[in-house]
Amino acid sequence: MSESGEDVLYCICQKPYKEAVFMIECDVCKDWFHGECVSIEERQAVDIDTYHCPECQKTHGPLILKRRRSRKKFAPQYSDDLEHFHIHNVKCGTVDFANALLSRTFPSSDRVIKKLKGHMLDREYIDKNGFKSPIIIKDKAGLDLKVPDPSFTVDDVEVAVGSMREVDVIDVAKQSDMKMLMREFVEYYNNKNRDRILNVISLEFSNTKLAELVTPPRIISELSWVSNFWPESTGDVRTFVRPEVQKYCLMSVKDSYTDFHIDFGGTSVWYHVIRGAKIFYLIEPTNTNLALYETWSNSSAQNTIFFGDQVKACYKVHLKPGNTLFIPTGWIHSVLTPEDSLVFGGNFIHSYNIKLQLEVYAMEKRLGTPDKFSFPNLETLYWYAAKNLTDILRGALDGGKRPCQAILDGCAFLRDTLSAWMGEKDGRALSSTGSVGSTAPRIALVVLLGNALGSGYPSAL
């Protein structure tokens, strides 16, 4: 309380002090800030040596962490004879591996990639051509994609998401993950004398200030089930949290490598390079390749086998600043970073590859994919999609229009899959909540979807 008896206002929110709410003092301006307002949890305060508030950061830089006990140094290992070095002889993710991979030749990606102008990628194009091949856009003009300009750096990412934000970091040589504070990773990224190769590829920032600076391409908002089918509110307290997977920031240092994978839940994905470069190694999701991938994923020697050598064709595509890449459902791919890079991207489920999306999800279950690496609340999303797709099919029929065959075929497969989920004995698939939450509505929904297909589009059955 001030001498006049009025409450003193603190923080960027300009609210009075509350005893039960954690606050932290800026070591420069001496003002106090609510932890919630500046993205700092009470448990994290012990790790901060000098705190700079958002305003003081502009002149004094980010907060300073207390120094932890130094870790054992890891010296990247290089081969003395790369001329005779083969990629088969080295563990994936090492510097030698990156050098060997860069020296190899691969079939031209022109065989499988569609190259378009931004304005060409719209719903009409997808309806006519489907979305089974990767698409690269050289310049973002016409995509309605909003991203920061090329001067944007990882330091700016830190300011937007918070220095104390915990991020998942991959130790590339070990292909294992760990947690770091954003401040720690930025210090590592900006230090060119690095003792390890660390990679951040899963910083989802939808609920941060960075989200205001990034808007996915227009086609994503038009196709995404989360954007179009997930309800804003169901009035049911049990309703699952909306999946936030459409805005990711990737911060990778030179020689970072992400081994072959299929994006979770069979999602499609978009990437836009702000700084640096990315090299993608792409494998088409044929039945044969998917079966080989599942076998490889189960192999104890996975880290020493380059999956690109297990298939007939692995294609290489080099992304540069300003390029945008769209990868459809099921494409098996790995990613090499030839120079420090900053990339934005996101994942999305849609109506044009329903069958393959569900087949990838079934594979994930067979492989025992941990929840941490799975699409959140995916089965719930499929129930919401079924309800909306039923309405769309009915509306198209009433309007004398016929949806594209890819959607009709997908809806038929979805109907059969939902019926199978209804029959699962463990009940795990029946955990959907909200407007399709109880058993009776789910049964009715499957019937309605089947009726919508059968009455107007018999060829889809």
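Given the structure is predicted, the values throughout are model-derived calculations rather than measurements. (Residues numbered from 1 in each chain as written. Predicted model: local features only at pLDDT ≥ 70, side-chain atom pairs only at ≥ 80, totals over all residues. Heavy atoms only, no water.)

J.: Hey, could you go over the side chain of threonine 208 for me, with residue numbers and the actual values?
T.: Secondary-structure assignment places threonine 208 in the loop between β11 (198-204) and α6 (218-223). If we skip the residues at most four places from it in the chain, threonine 208 touches Ala160, Val161 and Arg165. (Helix = DSSP H or I, 4+ residues; strand = E, 2+ residues; numbered from the N terminus. Contact = heavy atoms within 4.5 Å.)

J.: Could you give an account of the packing of helix α9 (residues 354-367) against helix α10 (residues 378-398), with specific residues and numbers?
T.: Interhelical geometry of α9 versus α10 gives an angle of 160 degrees and a closest axis separation of 13 Å. The angle between α9 and α10 places the two elements in the roughly antiparallel class. α9 and α10 meet at a crossing whose hand is left-handed. Across from Ile354, Gln357, Leu358, Tyr361 and Lys365 in α9, the residues of α10 making contact are Leu378, Glu379, Tyr382 and Leu389. Looking at the contact of α9 with α10, its residues break down into six nonpolar, one polar and two charged. (Axes fitted to C-alpha atoms, helices over the stretch in contact; angles between N-to-C directions. Parallel < 35°, antiparallel > 145°, perpendicular 65-115°, else oblique. Left-handed = near helix turned anticlockwise from the far one by under 90°. Nonpolar A, V, L, I, M, F, W, Y, C, P; charged D, E, K, R; others polar.)

J.: Got a sec to walk through the pattern of salt bridges? Specific residues and values, please.
T.: The final tally for this structure, using the stated rule, is 22 salt bridges. Between glutamate 158 and arginine 183 there is a salt bridge whose closest N-O contact spans 2.5 Å. With a gap of 25 residues between them, glutamate 158 in helix α4 (residues 154-161) and arginine 183 in helix α5 (residues 182-190) connect regions that are remote in the sequence. In this pair, the class of glutamate 158 matches that of arginine 183, namely buried. Where lysine 372 meets aspartate 177, a salt bridge forms, and the shortest distance between an N and an O atom there is 2.5 Å. Residue lysine 372 is found in the loop between α9 and α10, and its partner aspartate 177 is found in strand β10 (residues 176-181); the two are separated by 195 residues along the sequence. Residue lysine 372 is classed as partly exposed on the basis of its relative accessible area, which comes to 49%. (Salt bridge = Lys/Arg side-chain N within 4 Å of Asp/Glu carboxyl O. Buried < 20%, exposed > 50% of the residue type's maximum accessible area, 1.4 Å probe, protein only.)

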